[in-house]
Amino acid sequence: MVVLRKLPGMPGWPAALGLRLPQKFLFLLFLSGLLTLCFGALFLLPDSSRFKRLFLPRRATASASSSSSASSSSASSSSTRDTDLPRSPPAAAEPRHASPAAPRRLREKLRTAARMAGPPARTAPGSRQQVQGGESRARPASAAPPARETRAPFRFDYERFRRSLRHPVRGGRSGEDPETRARRMKIKEMMKFAWDNYKQYALGKNELRPLTKNGHIGNMFGGLRGATVIDALDTLYIMELEEEFQEAKQWVEKSFDLNVNGEASLFEVNIRYIGGLLATYYLTGEEVFKSKALELGEKLLPAFNTPTGIPRGVINLGSGMSWSWGWASAGSSILAEFGTLHLEFLHLSELSGNPVFAEKVRNIRRVLSRVEKPQGLYPNFLSPVTGSWVQHHVSIGGLGDSFYEYLIKSWLMSDKKDSEAKKMYDDALEAIEKHLVKKSAGGLTYIAEWRGGILDHKMGHLACFSGGMIALGAQHSAGDRRQRHMELAAEITSTCHESYTRSDTKLGPEAFRFDAGSEATATRLSERYYILRPEVVESYMYLWRLTHQPKYRHWGWEVVQALEKHCRVEAGFSGIRDVYTTTPTHDNMQQSFFLAETLKYLYLLFCEDDVLSLEDWVFNTEAHPLPINHTDLRAAGQP
């Protein structure tokens, strides 16, 4: 037994332990190994760790590392556009789907190893940063830039873009009947009511809690604020709520801070924030919206630093670290998340002249084209490391939905030049028709879910967008295929309408089933709620525009009346917990997508077809309108 000798003037402390020479050697070896292990562990701590910052300097921010890779990507690209991205100055002040973070709107149940070095953010000429050997060095503003960087920054020709539109953005307003106008004005009043209460009780927060009259921040947006502001901008503009639009614009100019450090859903930040900012720029030409969209887009680039280039679902907007959702099988990425970036990222490249954004999403296409599709179907979970499917679960609702939507819309947005997207869409829809489309005993057509060959006979509310998608795609098919797809779109939309009419509130549940004698109704308590979702009225809007059958406007007006009766409260609109009771309990949440989508689609349902004409615009999955590329819109004289 070793006993510590407490003797005055004792020699070094190892000797004080009374150890023999071999024991001293082993003890010192153990101690040195322990110290090495502890010090090395510092490098494995997250960048945000306070303990780590006591010992090590903080690494360069993610946006800085992300634009370095953008720079190398640009250099190797065949594109001759200048790749300098405009950056906005710092803001004056500082923050849907169906699974814990599931796609088409991570909306409810919140929605991925050495990391490759990502791209350092590009800044204005004279203040560029070079990253060499992992170290960032600022070049003085007075230093002369190298010859290869002397070209003028890329400039998007906004005036030429506006001239290329075939219809006025807000339409002509000619020849409408008084009843249609009155209904549209009612929906406009609902939007103003929702916005005014958000502004009064929750401005700057992400969403309004109308019962308690306060704001909600949540944890999907990585510290970003004002989700309702960004989501509402284009709706306020289209509805000609000019004063309210200026209020929202002023908040973006003065208070929308992108210098945040938190864990964000790549998908939700893209569809809500980037989609909303891009749409509002295209509608108004205000530079603040473009610069914010480009700056935020750069912050998302490190999520693509994976062996396959398939992005992970969660990213820290400050450090650039990314990872998969904890609930996602085997660290996989989600089809509806990485498959719902294409529209926005192509526009980021279009506006910046930087091809890195477009290259990121085109690489996703390349990975998907290589991987084998079981029965021609796309499962919901893909490994970002191996590029292989992790589970054979296929859904047109949450986790899969907007991937298919973005295929047909990518083709339309390219002015029908993206033939790869069109073929992928056609092949996927053919497999869906063959394996997933079913008809109930009562004659209702629905799209089931597929789990390794076994069908789950249910549809989620999120899947009800598919009626509108299939109708939109059918317009560009020929002969029998066109007629078959229009009939399928109408039948699915009718089934979703039935899920509304069979409830006591005339609002639809989160999911409805076709089993045990039940049709188009929720059979589980956990599926009976309604959170102001837009997918059913989205399909009504598309079917109205493509067929002009009056029933779609009639069904839409029924939804307006139900919202007014059951969801309108003193200080806004709230979701309800049970659609099968006439006295429902409210969930105290006015979702941002209610202003972005539900009210916008209802308003457009009662507008003339030239308001946000489908000849000029496609809607992203948050209903933010993005223009169809009718022409090359680089400013004159640019390469």
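Conventions and cut-offs
Residues numbered from 1 in each chain as written. Predicted model: local features only at pLDDT ≥ 70, side-chain atom pairs only at ≥ 80, totals over all residues. Heavy atoms only, no water. Helix = DSSP H or I, 4+ residues; strand = E, 2+ residues; numbered from the N terminus. Buried < 20%, exposed > 50% of the residue type's maximum accessible area, 1.4 Å probe, protein only. Areas by Shrake-Rupley, 256 points an atom, 1.4 Å probe, with all protein chains shown as cover. Expected span 1.5 Å × (residues − 1). Axes fitted to C-alpha atoms, helices over the stretch in contact; angles between N-to-C directions. Parallel < 35°, antiparallel > 145°, perpendicular 65-115°, else oblique. Left-handed = near helix turned anticlockwise from the far one by under 90°. Contact = heavy atoms within 4.5 Å. Nonpolar A, V, L, I, M, F, W, Y, C, P; charged D, E, K, R; others polar. Disulfide = S-S within 2.5 Å. Salt bridge = Lys/Arg side-chain N within 4 Å of Asp/Glu carboxyl O. Core = buried A, V, L, I, M, F, W, Y, C linked by side-chain atoms within 4.5 Å. Phe/Tyr/Trp six-rings, centres within 6.5 Å; stacked < 30°, edge-to-face > 60°. Lys NZ or Arg CZ within 6 Å of the ring centre and 35° of its normal.

A.B. asks: Looking at this structure, I do not really get the overall build of the protein. What am I missing?
C.D. replies: Within the protein one finds 20 helices and 22 strands. In the protein, which comprises 639 residues, the proportion classed as buried is 58%. With an accessible surface of roughly 25,800 Å², the protein has 54% of that area assigned to carbon and sulfur atoms.

A.B. asks: Just to check I follow, could you spell out helix α10 (residues 287-300) for this structure?
C.D. replies: For the α-helix, the turn length of 3.6 residues means that residues three or four positions removed from each other point alike. Here α10 spans 20 Å end to end across 14 residues, near enough to the 20 Å set by a 1.5 Å rise per residue. Taken across its 14 residues, α10 has 13 buried, putting it largely inside the fold.

A.B. asks: For this particular structure, what's the right way to read the packing of helix α16 (residues 466-474) against helix α18 (residues 535-547)?
C.D. replies: Two quantities define a packed helix pair, namely the angle between the helix axes and the distance between the axes. Packing of α16 against α18 brings their axes to within 7 Å, and their N-to-C directions diverge by 30 degrees. With respect to α18, the element α16 is oriented roughly parallel. Read as a crossing pair, α16 and α18 show a hand that is left-handed. Residues Ser466, Gly467, Gly468, Ala471 and Leu472 of α16 pack against Ser539, Tyr542, Leu543 and Leu546 of α18. Of the residues that constitute the contact of α16 with α18, the class distribution is five nonpolar, four polar and no charged.

A.B. asks: What's the story with the state of the cysteines in this structure? I'm lost.
C.D. replies: Such a bond, covalent and formed between the sulfur atoms of two cysteines, is termed a disulfide. Across all of its chains, the model carries one disulfide by this definition. Between the sulfur atoms of Cys464 and its disulfide mate Cys496 the distance is 2.1 Å. Handedness of the Cys464-Cys496 disulfide follows from its S-S torsion of about -95 degrees: it is left-handed. With a gap of 32 residues between them, Cys464 in the loop between β16 (458-460) and α16 and Cys496 in helix α17 (residues 479-501) connect regions that are remote in the sequence. On the basis of relative accessibility, which here comes to 1%, the residue Cys464 falls in the buried class.

A.B. asks: How should the pattern of salt bridges be read in this particular structure?
C.D. replies: It is possible for side chains of opposite charge to pair when their charged atoms get near one another. On inspection of all chains with the given rule, the structure shows 35 salt bridges. Two residues, Glu498 and Arg502, come together in a salt bridge whose shortest N-O distance is 2.9 Å. Here Arg528 makes a salt bridge to Asp578, at a shortest N to O gap of 3.2 Å. Of the two residues, Arg528 sits in the loop between β18 (518-521) and α18 while Asp578 sits in the loop between β20 (572-573) and α20 (592-605), which places them 50 residues apart along the sequence. Counted as one network, the salt bridges with shared partners bring together Glu449, Arg451, Asp456, Arg513 and Glu527.

A.B. asks: Is there a simple way to explain the nonpolar core in this structure?
C.D. replies: The tendency in soluble globular proteins is for nonpolar side chains to be buried as a group. Of all hydrophobic cores here, the largest spans 160 residues; its most connected members are Leu224, Tyr404, Leu507 and Leu563. Ignoring sequence-local partners within four residues, the contact set of Leu563 consists of Met190, Leu507, Tyr530, Leu532, Arg568, Phe573, Phe594, Thr598 and Leu602. Trp325, Ala328, Phe381 and Leu399 belong to the second-largest nonpolar core, a separate cluster that totals six residues.

A.B. asks: So what exactly am I meant to see when it comes to the packing of aromatic side chains here?
C.D. replies: The geometry of two aromatic rings is summed up by the distance between their centres and the angle between their planes. Evaluated as defined, the whole model comprises 30 aromatic pairs. With a centroid separation of 6.2 Å and an interplanar angle of 80 degrees, the aromatic rings of Trp557 and Phe606 are classed as edge-to-face. Within this pair, whereas Trp557 is found in helix α19 (residues 550-567), its partner Phe606 is found in the loop between α20 and β21 (617-619), the two being separated by 49 residues in sequence. Ring pairs connect the aromatic residues Phe156, Tyr158, Phe161, Tyr281, Tyr282 and Trp617, which therefore count as one cluster. The side chain of Arg170 reaches across the aromatic face of Tyr237, ending 4.0 Å from its centre. A cation over a ring is seen here: Arg568 above Phe193, with NZ or CZ 3.8 Å from the ring centre.

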